[in-house]
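Fold and contact review
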Amino acid sequence: MARPDKAAAVAELTDEFRSSNGAVLTEYRGLTVAQLKQLRTALGDDVNYAVVKNTLTKIAAKDAGVDSFDSLLEGPSAIAFIKGDPVVAAKGLRDFAKANPLLVIKGGVLDGKALGSDEISKLADLESREVLLAKLAGAMKAAPQQAVSLFAAPLSQAARLFAALQEKLPADAAPAADVQDTVQDTVEAPAEASTEETAAADS
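In this report, the structure presented in the accompanying data block is examined.

What counts and how
- Just so you know, the residues in each chain are numbered from 1, in the order the chain's sequence is written.
- Predicted model: local features are reported for residues with pLDDT of at least 70 only, side-chain atom pairs are reported and counted for 80 or more only, and whole-chain, interface and lining totals are derived from all residues.
- Think of the side-chain values as coming from all heavy atoms in the structure, minus any hydrogens and water.
- Take the buried Ala, Val, Leu, Ile, Met, Phe, Trp, Tyr and Cys residues and link them wherever side-chain atoms come within 4.5 Å; each set so joined is a nonpolar core.
- Here the term buried applies to any residue with accessible area under 20% of the maximum for its type, exposed to any over 50%, and partly exposed to those in between, with areas from a 1.4 Å probe on protein chains only.
- Each helix is a run of H or I in the DSSP string that is no shorter than four residues. Each strand is a run of E no shorter than two, and both are numbered from the N terminus.
- Contacts were defined at the residue level, with two residues in contact if any of their heavy atoms lie within 4.5 Å.
- A pair of strands is treated as paired once DSSP finds two or more bridges between them.
- The aromatic pairing rule takes the rings of Phe, Tyr and Trp, using the six-membered ring of Trp, and pairs them if the centres are within 6.5 Å, calling planes under 30 degrees apart stacked, those over 60 edge-to-face and the rest tilted.
- We define a salt bridge as a side-chain nitrogen of Lys or Arg found within 4 Å of a carboxyl oxygen belonging to Asp or Glu.
- Arc, as used here, means the arc of the directions from the helix axis to the C-beta atoms.
- Structural elements are reduced to axes, namely lines fitted to C-alpha atoms, with helices fitted over the stretch in contact, and the angle between N-to-C directions of any two is expressed from 0 to 180 degrees.

1. Description of the nonpolar core
Ranked by size, the top nonpolar core spans 25 residues in total, and within it Val24, Leu39, Tyr49, Leu93 and Leu103 carry the most contacts. Those elements that provide at least two residues to this core are α2 (33-43), β2 (47-52), β3 (77-82), α4 (86-99), β4 (104-110) and α5 (117-125). Sort the elements by how many residues they give to this core and α4 lands first, with six residues. Excluding residues within four positions of it along the chain, Leu39 makes contact with Tyr49, Leu93, Phe96 and Leu103. Counting residues in each nonpolar core, the second largest holds 17 residues, with Ala9, Val10, Phe17 and Ala50 among its members.

Pasting the structure below:
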């Protein structure tokens, strides 16, 4: 690859790292072009699954402040750059890897936090942001304005919430129901505060 082309490729990868909520590094050795196309389709429009060159990716990751991929960039590499819900992306990668064992999930990064392959698997076990919001909205019928603000919250905040919850889990990982309870507690507290503020204003 000519030097200008390399510089352009590094710049493009750097931008992908910086503009993504997260990124998952995989090895695709042995997968066919048709299988890679199937994976891209399964991951949807919110994930850019790109085959990358290891040497250029190391430079781009360093430029973007990502240092967790250096030791993992070996063999045929491809990265899933996540623009949407990281839980949905993790589920898509895990499910495809189960059906196609040649896809190896090596590690990732979520909102700047390095993730191992086992942590990505735990992330895939969580309920998606859409499911969580649907459940929480049902629990907050008495305060609809809170539901509206929650639905409008930036996706990056949801991603950081998932990462924070993971850090609080014990080593053996609490079930998804416990995660749901923790998220509900976080959201219900502001809802109660808002009710008190409204009462004070009315008086």
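Past the structure itself, the notes keep going.
2. Regarding the pairing of β4
Regular strands show a simple pattern: their side chains alternate between the two faces of the sheet. Burial analysis of β4 places six of its seven residues in the buried class, the great majority of the element. Bridging between strand β1 (residues 22-27) and β4 involves six bridges; their strand directions are antiparallel. In the strand pairing of β4, Glu27 is matched with Val104. Direction of pairing for β4 relative to strand β5 (residues 113-116): antiparallel, over a ladder of four bridges. From the neighbouring strand, Leu110 faces β5, where its bridge partner is Lys113. Taking the residues between adjacent antiparallel strands as the criterion, β4 and β5 are bridged by two residues, where Asp111 takes a positive phi near 50°.

3. Structural notes on the packing of aromatic side chains
Under the definition given, this model contains two aromatic pairs. Between the aromatic rings of Phe17 and Phe81, the centroid separation amounts to 5.1 Å while the plane-to-plane angle is 85°, which identifies the pairing as edge-to-face. Here Phe17 is found in helix α1 (residues 3-19), whereas its partner Phe81 is found in strand β3, with 64 residues between them in sequence. Owing to a relative accessible area of 8%, Phe17 belongs among the buried residues under this scheme. Ring pairing ties together the aromatic residues Phe17, Phe69 and Phe81, which thus form one cluster.

4. Observations concerning the pattern of salt bridges
Going through the model one piece at a time under the given rule, you end up with six salt bridges. In this structure, the salt-bridge partner of Glu27 is Arg29, at a minimum N-O distance of 3.1 Å. Note on Glu27: relative accessible area 18%, which makes it buried. Here Arg29 falls in the partly exposed class, since its relative accessible area comes to 49%. Between Lys106 and Glu27 there is a salt bridge, with its nearest N and O atoms 3.6 Å apart. Of this pair, Lys106 sits in strand β4 while Glu27 sits in strand β1, and the two are 79 residues apart along the sequence. In this structure, Lys106 and Glu27 share a single accessibility class: buried.

5. With respect to α2
For α2, the set of buried residues is Leu36, Leu39 and Leu43. Here the buried residues of α2 occupy an arc of 55° about the axis, which is enough to place them on one side. Counted as exposed and oriented over 90 degrees from the buried face of α2: Ala34, Lys37, Thr41 and Ala42. Looking at the packing, one finds that the buried side of α2 touches β2 and α4. Count one or two residues on from α2 and you reach Gly44, which has phi positive near 85°.

6. A few points about α5
Those residues of α5 that fall on the buried side of the exposure criterion are Ile120, Leu123 and Ala124. All buried residues of α5 fall inside an arc of 100° around its axis, so they share one side.

7. As for the sheet that holds β5
The antiparallel open sheet is built from five strands, whose spatial order is β2-β3-β1-β4-β5. Single-partner strands in this sheet number two, and they are β2 and β5. Shown here is a sheet whose adjacent strand axes are inclined to one another by a mean of 20°, direction ignored. Running at roughly 45° to β3, α1 makes contact with β1, β2 and β3 of the sheet. Running over the sheet, α4 touches β1, β2, β3 and β4 and is turned about 170° from β4.

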